[in-house]
Amino acid sequence: MLLVAGLTYFAIGAGSPVVYQSSDGQWMDCDCPGLKSSGHRGVVFSFERYKVACDVAGVELWRITPRAGLINPRTWFDEYADSRWQVPLSRGVEFPGEARRWPVRGRDDDHCFFRPLSEPELEIVRKRAELYFVKHSRSAESD
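What comes next is a walk through the structure. The written sequence of each chain sets the order in which its residues are numbered from 1. Given that this is a predicted model, residues contribute local features only at a pLDDT of at least 70 and side-chain atom pairs are listed and counted only at 80 or more, while totals for whole chains, interfaces and linings are drawn from all residues. Calculation of side-chain values draws on the structure's entire complement of heavy atoms; hydrogens and water are dropped beforehand.

### What to know about the overall build of the chain
Using the following cut-off: Put simply, DSSP marks the helices as runs of H or I at least four residues long and the strands as runs of E at least two long, and each gets a number from the N terminus on. Remark: exposure states derive from per-residue accessible area (1.4 Å probe, protein chains only) relative to the maximum for the residue type, with buried under 20%, exposed over 50%, and partly exposed in between. Contacts are residue-level and defined by heavy atoms, with any inter-residue pair within 4.5 Å sufficient.
Across its full length, the chain carries 4 helices and 3 strands. Each helix and strand of the chain, placed in order from N terminus to C terminus, yields the pattern α-β-β-α-β-α-α. Here the chain holds 143 residues, and the buried ones make up 38% of them. Restricting to contacts in the chain with at least 6 residues of sequence separation, those with at least 24 account for 64%.

### Things to note about the packing of aromatic side chains
To keep it simple, the criterion reads: Pairs were defined over the aromatic rings of Phe, Tyr and Trp, the Trp ring being its six-membered one, requiring ring centres within 6.5 Å. Orientation was assigned from the angle between planes: stacked under 30 degrees, edge-to-face over 60, tilted for the rest. Charge over a ring is defined by NZ of Lys or CZ of Arg lying within 6 Å of the ring centre and within 35 degrees of the ring normal.
Tallied over the full model, the rule gives 4 aromatic pairs. Between F113 and F114, the ring centres sit 5.4 Å apart and the planes meet at 80 degrees, which makes this aromatic pair edge-to-face. For the pair F113 and F114, one class covers both residues: buried. Three or more aromatic residues joined by ring pairs make a cluster, and in this case those are W27, F47 and Y50. For R41, the ring lying beneath its charged end belongs to F133, and the centroid distance is 4.2 Å.

### Concerning the nonpolar core
In plain terms, the rule: For the purposes of this section, nonpolar cores are sets of buried Ala, Val, Leu, Ile, Met, Phe, Trp, Tyr and Cys residues that join through side-chain atoms within 4.5 Å.
Judged by nonpolar contacts, the single largest core of 17 residues is most densely connected at Y20, W27, V44, Y50, L61 and Y132. Of all the secondary structure elements, the ones that give two or more residues to this core are strand 1 (18–22), helix 2 (39–53) and helix 4 (119–142). Considering every element that reaches this core, the biggest residue donor is helix 2, with 4 residues. Other than its neighbours up to four places away in sequence, Y50 contacts S22, D24, Q26, W27, D55, V56, V59, H111 and F113.

### Quick notes on the state of the cysteines
Worth spelling out the cut-off: Cysteine sulfur pairs qualify as disulfides if the two atoms are within 2.5 Å.
Tallied over the full model, the rule gives 2 disulfides. There is a disulfide in this structure between C30 and C32, and the S-S distance comes to 1.9 Å. Between C30 and C32 the sulfur-sulfur dihedral comes to about 115 degrees; the bridge is accordingly right-handed. Given a relative accessible area of 13%, C30 falls into the buried group. Of the residues examined, C32 reaches a relative accessible area of 14% and is grouped as buried. Going through the chain in sequence order and numbering each bonded cysteine, the pairs you get are 1-2, 3-4.

### Some remarks on helix 2
As a reminder, the rule being used: Helix span is expected to be 1.5 Å times the residue number reduced by one.
Helix length check: helix 2 (15 residues) gives 21 Å between terminal C-alpha atoms against 21 Å at 1.5 Å per residue, within 8%. Buried residues dominate helix 2, accounting for 13 of its 15 residues. In the stretch just after helix 2, D55 is the one whose phi turns positive, near 50 degrees.

This is how it looks when you write it as structure tokens:
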């Protein structure tokens, strides 16, 4: 019985995965409920880390997963007012002959995302991630 309840939760109750991409197409991450995922806060932290580690400015965080309709049971429990769905939707960036993908340790060790950050750089990342949520919680309250 417990197994059935767990599988049911994973199948429909965990919510649907949401994939994000940087506007330059060089970084991706996923908020994947039910799997080992750091959630939306982790995605934002990872995005801010990418901007610092790769020394890119002016890139935006895009959501490339559209909201699904009632056809998909996993979306029945999605809360579309949640911050993870408030990230602007984009088709994403695709490059001819390349599949969209995010840096993966072991396969893309030379990607700038994996450059070790100093403590001052990590503090910048933490502050930017926190500012992101402060800014977006205020804009959600004013809607």
